[in-house]
Amino acid sequence: MLTINGLYAGYGKVEVLHGISLEVPKGKVVTLIGSNGAGKTTTMRAICGMIKPKSGDVQLNGKNVAGLDSHRIARAGLAHSPEGRRVFSTMSVRDNLTLGAFPRFTGARPKGDIKADLEKSLELFPRLKERQDQLAGTLSGGEQQMLAMARALMMNPDVILLDEPSMGLAPILVEEVFRIILRLKAEGITMLLVEQFAAAALNVADYGYVMENGRISLHGAADKLKNDPAVNEAYLGGANKH
Amino acid sequence: MDIFLQLTFSGIALGMIYAVIAFGYQLTFATSGTLNFGQGEALMLGALVGLSLAGNVMGGPYINYWLMIPLVMLFGALHGVVVERIGVQPSVKTKNEFGWIMSTIALAIIFKNVAENIWGKDDITFPSPVSTAPFEIFGARVQIMQVIVVVGALAIMLAVEMFNRKSIYGKAVVATANDSDAAGLMGINTAQVVTFSYALSSATAAFAGVLVAPLTLTGSTMGTALGLKAFAVAIIGGLTSGVGAIVGGLILGIAETLTGYYISTGYKEVPGLLLLLLVLAIKPSGLFGKTTIKKV
C-alpha cells in the first residue's frame, strides 16, 4: 500500500533523514517509534509532501508520489492527521469534517456517500457529535485530536498517517485515542502511527520500526519489538521487565 | 439638519466604496498574508474598461451598463490573476517576505501609466445608468446611484461571504486562510486558492469602480487615493473582519464629507487618518480585528 524506499529529507541544508525505508501493508497498522528528535515527524512530513524529500521513493498504491505537492499526494489517497492537530479553528466541527472529504467533492477521489460518512464519524467520536456546531478552536486539546483523526478519515483514504495522536493529552484521553485506533484497525484501515508512547503504540500495531538519528535502527513484528531487550530499555522504560 | 443628513448620505455611499476595496484587501490577506497595493488601480481599470464598454468613448456605447458589470468583473478577475502571478507568486515562492509590496506597487504604477496612455490624462464623465434627478428622504436629496452603490456594495460582500460559508470551494478558501499547510493535507490546492483570492479581490475592486464612476469622474488617477484610503479603512476595521471593513468605511466616508463641508475641503482627509493613527496606537489589530489564539 505505502512503501518508502531510501528517503532522504531535511530542512534547508540540514539533512534529518538519512535513507529511511519502511513498508505499510494494506489493512495493517505500522508504528514508527523513537525518541525526541529522531526524525519521526520529519518522516511523516516528507511522506505527505509538507516538505520535499531530497531523494528516495514514496510509493502509494504502486505510484511514486515523492516530491509532489501535498494536495496531490492527498488526492492520491493519503490522509494525514498532523502533529499539533492543525484543525481549522475558525470553522465549525462539521465544516472541518466536510473539508476532510474535499477531494471527494471535487471528483479527485470516489465520491461515495459523504453525508453518511460524516454521520458515521460523528457516531465514532461522540464528543464531536455533541460539539458539531462549535468552532474547532474552542474545543479542548483532546477533542481537537479526535477531530483531526475524524477529518483524516473523511477522505476515505487508502492510508492514514497519525502523527503523535496522544501528544499533550490527559491519560484518560490517550486511552480513548488508542481505543479508537483499535476500532479503526478492526475496520481494516491502513495506518502509519508515530508515537512517543512506544508501549501503547506497539500494543495496537502489527509491525514496528524504531528510529534513531534519522535512520531505522530496528524493525520487526510489534510483539517481537515489545520483548526486545534493547527496545525495552530505550523506549519502554524497562516496563516489561516485571 | 437637512444638510447634515445629506452629507451623511453621501458619506455612506463613499464609505461603502471604501468598504468594498478594503474587503478586497482582506480577501488576499486572509489566504496568503499578502496584499495588492494596486487595489485602487484595479478599481480604476475596472471603471475605465466599463466606460469603454458602456460609455460614449471609443465609439461606444457597445452594451448597456448592467450587462457591462459582469464583463468588467471578469476583466477584474483576470487582472487579479496577472498581479498574483507576476507580482506575488515569485516573491512568495522565493520566501522573499516583502518583495510583493514593491512589486504590487510597481505594477500599480505601470497600470496607471498604461491607462493614461489609453484613456488620456483628463477625467471623463461616466454616463449614469439611472436618472440623476435626486429624490428626497427626510428632507435630504439623494441620488438613485448612491442607493445603488450602497446596495451593490453590500450585495457583493454578502455574496462572497455566502460563497465562503456554504460552498465546498468557499470552505476551502477559509481553510487555506486558517492553516495553509493543513489545507494542503486535505487535498486543497492552496496555490490555486491564493490565485483565486486575487482574482476575486480585483473583481470586487473593478465592481466598485463601475459603481462609483457615475458619481465621480473617471480617469487614470481616480484609484490611487481611493486605494490608499481603503487601506486605511482595512487597518481601522481590522484586516480580518468584514464587518470591520464596513464600519471603518462608513466612519471614514462620513467623517470626510462632514469635515469637507463644516471645516474645509482641504482638511477632509485628516479626521480619518487621525483615527487610523489612534487605532494603531490603541488597538493595532483594528476595531474588529481578532488576535488569534493558538492552542499548543
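Placed above this text is the structure.
Reading the values: the criteria
Residues numbered from 1 in each chain as written. Chains lettered and ligands numbered in written order. Predicted model: local features only at pLDDT ≥ 70, side-chain atom pairs only at ≥ 80, totals over all residues. Heavy atoms only, no water. 1 Å grid on protein atoms, 1.4 Å probe; cavity = no way out; pocket = protein on both sides within 12 Å on 5 of 7 lines; lining within 4 Å. Points joined across faces, edges and corners; volume = space filled by probe spheres on them. Helix = DSSP H or I, 4+ residues; strand = E, 2+ residues; numbered from the N terminus. Phe/Tyr/Trp six-rings, centres within 6.5 Å; stacked < 30°, edge-to-face > 60°. Buried < 20%, exposed > 50% of the residue type's maximum accessible area, 1.4 Å probe, protein only. Lys NZ or Arg CZ within 6 Å of the ring centre and 35° of its normal. Core = buried A, V, L, I, M, F, W, Y, C linked by side-chain atoms within 4.5 Å. Contact = heavy atoms within 4.5 Å. Expected span 1.5 Å × (residues − 1). Pairing = 2+ DSSP bridges. Axes fitted to C-alpha atoms, helices over the stretch in contact; angles between N-to-C directions.

A. A look at the layout of surface pockets. Residue and element names in this part refer to chain B. Taken as a whole, the second largest pocket spans an internal volume of roughly 1100 Å³. Together, 32 residues line the second largest pocket, and Val92, Lys95, Ser180, Asp181 and Thr190 are the ones closest to its centre. Looking at the lining of the second largest pocket element by element, the count peaks at 6 residues for helix α3 (residues 65-93).

B. Inspection of the packing of aromatic side chains at higher detail. Scanning the entire structure with this criterion turns up 9 aromatic pairs over all chains. Taken together, a centroid distance of 6.1 Å and an interplanar angle of 5° make the contact between B:Phe37 and B:Trp100 stacked. With B:Phe37 in the loop between α1 (2-32) and α2 (39-54) and B:Trp100 in helix α4 (residues 99-119), the pair connects residues that are 63 residues apart, well separated along the chain. A relative accessible area of 25% places B:Phe37 in the partly exposed class. Taking the centre distance of 6.0 Å and the plane angle of 90° together, the rings of B:Tyr65 and B:Phe126 count as edge-to-face. Remark: B:Phe126 occurs in the loop between β1 (124-125) and β2 (135-137) and B:Tyr65 occurs in helix α3; sequence separation between them is 61 residues. Here B:Tyr65 and B:Phe126 have matching classes, each one buried. Through pairs of rings, three or more aromatic residues link up here, namely B:Tyr25, B:Phe37, B:Trp100 and B:Phe231. Cation over ring: A:Arg151 sits above A:Phe88, and NZ or CZ is 4.8 Å from the ring centre.

C. Up close: the nonpolar core. All names here are of chain B. Residues Ile17, Ile21, Leu43, Tyr65, Met68, Met157 and Leu211 are the most contacted members of the largest nonpolar core, which totals 65 residues. In terms of residues, this core owes the most to one element, α1, which gives 11 residues. Aside from chain neighbours lying at most four places away, what touches Met157 is Met16, Ala19, Val20, Phe23 and Ile246.

D. Molecular detail of helix α8 (residues 190-212) of chain B. Taking 1.5 Å per residue as the helical rise, α8(B) with its 23 residues ought to reach 33 Å, and the 33 Å between its terminal C-alpha atoms agrees with that figure. Burial runs high along α8(B): 19 of the 23 residues are buried.

E. View of the sheet that holds strand β4 (residues 55-60) of chain A. All names here are of chain A. Reading across from one edge, β2-β1-β4-β5 is the order of the 4 strands in this open sheet, with antiparallel pairing throughout. At either end of the open sheet lies a strand with only one pairing partner, and these are β2 (14-24) and β5 (63-64). Looking at chain direction, β4 and β5 are connected through 2 bridges and run antiparallel. Looking at the pairing, Gln59 lines up with Asn64 of β5. Docked against the sheet, helix α1 (residues 40-48) engages β1 (2-11), β2 and β4, running at close to 110° with respect to β1.

F. Structural detail: the sheet that holds strand β6 (residues 78-81) of chain A. Residues and elements named next belong to chain A. If you walk across this open sheet you meet the 6 strands as β6-β7-β8-β3-β9-β10, and the pairing is mixed. Sheet topology places β6 and β10 (215-221) at the edges, where each strand pairs with a single neighbour. If you compare each strand with its neighbour and ignore which way they point, the axes differ by 15° on average. Sheet topology places strand β3 (residues 29-34) next to strand β8 (residues 191-195); 5 bridges connect them, and they run parallel. Within β8, the position partnered with Val29 by the bridge is Met191. Strands in contact with helix α8 (residues 171-186) are β3, β7 (159-163) and β8; relative to β8, the strand with the most contacts, it is inclined by about 160°.

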